[in-house]
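One-letter residues, chain by chain:
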Amino acid sequence: MIRIGVLGPVGSGKTTLIEFLTEYLVKKEGLSVGIITNDVVSSHDALRIYQNLVLKEKLLPKENVIGIVTGGCPHTAIREDPSVNLRALETLIKRTSLDVIFIESGGDNVMSTFSPVLADYTIFVLDTAAGDKYPGKGGLGIQESDLLVVNKIDLAPFVGADLEKMRRDAEKIRKDKPTVFISLKTGDGIDDLIKIIRSELELEGLIRS
């Protein structure tokens, strides 16, 4: 089993990315997936996932989705004191045998990271609608995440975001760690994303090449 932490600013597309990857992993790879969402004041993301993946698409049983209301700073619940998430993980594992568990952080800033006791692999999500400055700013989340996903590249022309600048900045900040530029709406960059995720799952022995 692999625990994948997904984090990034509010509105960057974390939930949509998790829904996309869950559909791929269940339909194409035949894996069993669980999802834990973190929100500060509501279970909005968990409810959305429940409506889309449980009720509408029937990809997951309802017991595979857990929503956590942290009631405070998002990164506290995934880094400084991840106990509430660890209890949710334990609950999921007791309910069913899972191959992949996604843990979605509440929307946070570029310094947010996951505790290694909570996540085995981390994905940091940015979106171009927030401008092209973030990769160059660095921050622990951008620098240390296993994969940086620059999302909503279809919106770049409308906000004046320079994708090549973002690419250069990401390469400089992240050294040899991978970055993908995608649009979940148009499908651009999805093949690159899937290739990286499959490679990680192969290393974990969850799928074959």
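Given the structure is predicted, the values throughout are model-derived calculations rather than measurements.

Asks: What's the story with the UniProt feature "binding site: GTP" (unreviewed entry) in the chain in this structure? I'm lost.
Replies: With numbering aligned to this structure, UniProt lists the feature "binding site: GTP" (unreviewed entry) at Gly8, Pro9, Val10, Gly11, Ser12, Gly13, Lys14 and Thr15. Considering only the residues just annotated, the largest pocket is lined by Val10, Gly11, Ser12, Gly13, Lys14 and Thr15. Among the structural elements, Ser12 can be located in the loop between strand 1 (2-7) and helix 1 (14-27). Ignoring anything within four residues of it in the chain, the contact list for Ser12 reads Val125, Leu126, Asp127, Asn151 and Lys152. Its location among the elements puts Thr15 in helix 1. By relative accessible area, which is 6% here, Thr15 ends up buried. With residues near it in sequence (within four places) discarded, Thr15 still touches Asp45, Arg48, Ile49 and Glu104.

Asks: Can you walk me through the sheet that holds strand 1 in this structure?
Replies: Sheet strands pair by backbone hydrogen bonding; their relative direction is either parallel or antiparallel. Ordered by their spatial adjacency, seven strands build an open sheet running 3-2-4-1-5-6-7, and the pairing between neighbours is parallel. Where the open sheet ends on each side, the last strands, each with one partner, are strand 3 (65-69) and strand 7 (179-181). The average angle at which neighbouring strand axes cross in this sheet is 20 degrees, direction not considered. Alignment of strand 2 (residues 33-39) against strand 4 (residues 100-104), held across five bridges, turns out to be parallel.

Asks: Explanation requested: the pattern of salt bridges in the structure shown.
Replies: Note on pairing: side chains with opposite charge can pair once their charged atoms come close. As enumerated under the stated definition, the model contains nine salt bridges in all. Among the charged side chains, a network of salt bridges with common partners joins Glu29, Arg198 and Glu202.

Asks: Sorry if this is basic, but what is going on with unusual backbone geometry here?
Replies: For residues that are not glycine, phi is negative in most cases, and the peptide bond is trans in most cases. Within the chain, Lys58 stands out as a residue other than glycine whose phi angle is a positive 55 degrees. Relative to the assigned elements, Lys58 resides in the loop between helix 2 (44-56) and strand 3. Although it is not a glycine, Lys152 adopts a positive phi angle of roughly 60 degrees. In this structure, Lys152 sits in the loop between strand 6 (147-151) and helix 7 (156-159).

Asks: Looking at this structure, I do not really get the layout of surface pockets. What am I missing?
Replies: To find leftover empty space, one rolls a probe the size of a water molecule over the atoms. Of the volumes computed, that of the largest pocket is approximately 260 Å³. Lining the largest pocket are 18 residues, and of these Gly11, Lys14, Thr15, Asp45 and Glu104 sit closest to its centre. If you list the elements that add at least two residues to the lining of the largest pocket, you get helix 1, strand 2 and helix 2. Each residue belonging to the lining of the largest pocket can be placed in one class, and the counts come to three nonpolar, 10 polar and five charged.

Asks: How should I be thinking about the side chain of Ser183 in this particular structure?
Replies: Following the sequence through the fold, Ser183 ends up in the loop between strand 7 and helix 9 (190-203). On the accessibility criterion, Ser183 (0% relative accessible area) is buried. Within polar-contact distance, the side chain of Ser183 engages the backbone nitrogen of Thr186 at 3.1 Å.

Asks: Whenever I open this one, the pairing of strand 1 confuses me. Can you help?
Replies: If a strand is regular, its side chains alternate between the two faces of the sheet. Taking burial as the measure, the six residues of strand 1 include six buried ones, the bulk of the element. Side chains of strand 1 alternate between two faces, with Ile2, Ile4 and Val6 and Arg3, Gly5 and Leu7 buried alike. Note that strand 1 and strand 4 share five bridges and pair parallel. Of the residues in strand 4, the one forming a bridge with Gly5 is Ile103.

Definitions and cut-offs
Residues numbered from 1 in each chain as written. Predicted model: local features only at pLDDT ≥ 70, side-chain atom pairs only at ≥ 80, totals over all residues. Heavy atoms only, no water. UniProt positions renumbered as here; feature names shortened; annotations may be inferred. 1 Å grid on protein atoms, 1.4 Å probe; cavity = no way out; pocket = protein on both sides within 12 Å on 5 of 7 lines; lining within 4 Å. Helix = DSSP H or I, 4+ residues; strand = E, 2+ residues; numbered from the N terminus. Contact = heavy atoms within 4.5 Å. Buried < 20%, exposed > 50% of the residue type's maximum accessible area, 1.4 Å probe, protein only. Pairing = 2+ DSSP bridges. Axes fitted to C-alpha atoms, helices over the stretch in contact; angles between N-to-C directions. Salt bridge = Lys/Arg side-chain N within 4 Å of Asp/Glu carboxyl O. Points joined across faces, edges and corners; volume = space filled by probe spheres on them. Nonpolar A, V, L, I, M, F, W, Y, C, P; charged D, E, K, R; others polar. Polar contact = N/O pair within 3.5 Å; in protein donor to acceptor, adjacent residues only side chain to side chain.

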